[in-house]
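Coordinates in review
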Amino acid sequence: ETLFPGPPASPLSAKEAGLGRFADSYLAGLYECDQRLFRFLFRAISLGSIAATGRRFESLALEQRKKVLEGWRTSGLLARRAGWQSLRFLYGMGYFENLEVRRALGLKFGCDLS
């Protein structure tokens, strides 16, 4: 929801695009060591927001969650920026693989063989 909140910022919301299901399915197919890295990333974002806001990431309002992730995106720490990029890649991949999103963006499918 923070990365893809829906109109007008994006054609569909993360929920409408099924990003939770996509992420679960994608991560389940990774090697266990890679799954642990993503678990660590999710935990670091969740607990790391306590220092800045006094609350866990998942309990913050949308605007506060955006600020937390923006802090990760622009951090002076390479590990934080890489974490944000990994998160963005995971959910971006799922978002732009969604056929409804592609249609809403006017993207064409396949080759015209007529």
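This text goes with the structure placed above it.
Summary of the structure given here. (Residues numbered from 1 in each chain as written. Predicted model: local features only at pLDDT ≥ 70, side-chain atom pairs only at ≥ 80, totals over all residues. Heavy atoms only, no water.)

**A closer look at the overall build of the protein chain**
Counting secondary structure elements, the protein chain contains five helices and zero strands. Tracing the protein chain from N to C terminus, the helices and strands come up as α-α-α-α-α. Of the contacts formed within the protein chain by residues at least 6 apart in sequence, a portion of 54% connects residues at least 24 apart. As presented, the protein chain carries roughly 7800 Å² of accessible surface, and 57% of it is formed by carbon and sulfur atoms. Positive and negative charge centroids in the protein chain, built from 17 and 11 side chains respectively, lie 6 Å apart. (Helix = DSSP H or I, 4+ residues; strand = E, 2+ residues; numbered from the N terminus. Contact = heavy atoms within 4.5 Å. Areas by Shrake-Rupley, 256 points an atom, 1.4 Å probe, with all protein chains shown as cover. Lys, Arg positive; Asp, Glu negative; His and termini not counted. Charge placed at Lys NZ, Arg CZ, Asp CG, Glu CD.)

**Comments concerning the nonpolar core**
In this structure, L19, I45, L90, Y91 and Y95 are the most contacted members of the largest nonpolar core, which totals 22 residues. Of all the secondary-structure elements, those providing two or more residues to this core are α1 (19-28), α2 (32-53), α3 (62-73) and α4 (78-97). Among the elements that take part in this core, α4 stands out by supplying five residues, more than any other. Ignoring any residue separated from it by four or fewer positions in sequence, one finds L90 in contact with F22, A23, Y26, L27, F38 and F42. (Core = buried A, V, L, I, M, F, W, Y, C linked by side-chain atoms within 4.5 Å. Buried < 20%, exposed > 50% of the residue type's maximum accessible area, 1.4 Å probe, protein only.)

**Considering a nonpolar patch on the surface**
A cluster of nonpolar side chains, namely F96, L105 and L107, defines an oily patch on the protein surface of about 260 Å² accessible area. Position of L105 relative to the elements: it lies in the segment after α5 (99-104). (Patch = residues over 30% accessible without salt bridge, like charges linked within 9 Å, V, L, I, M, F, W, Y side chains within 5 Å. Salt bridge = Lys/Arg side-chain N within 4 Å of Asp/Glu carboxyl O.)

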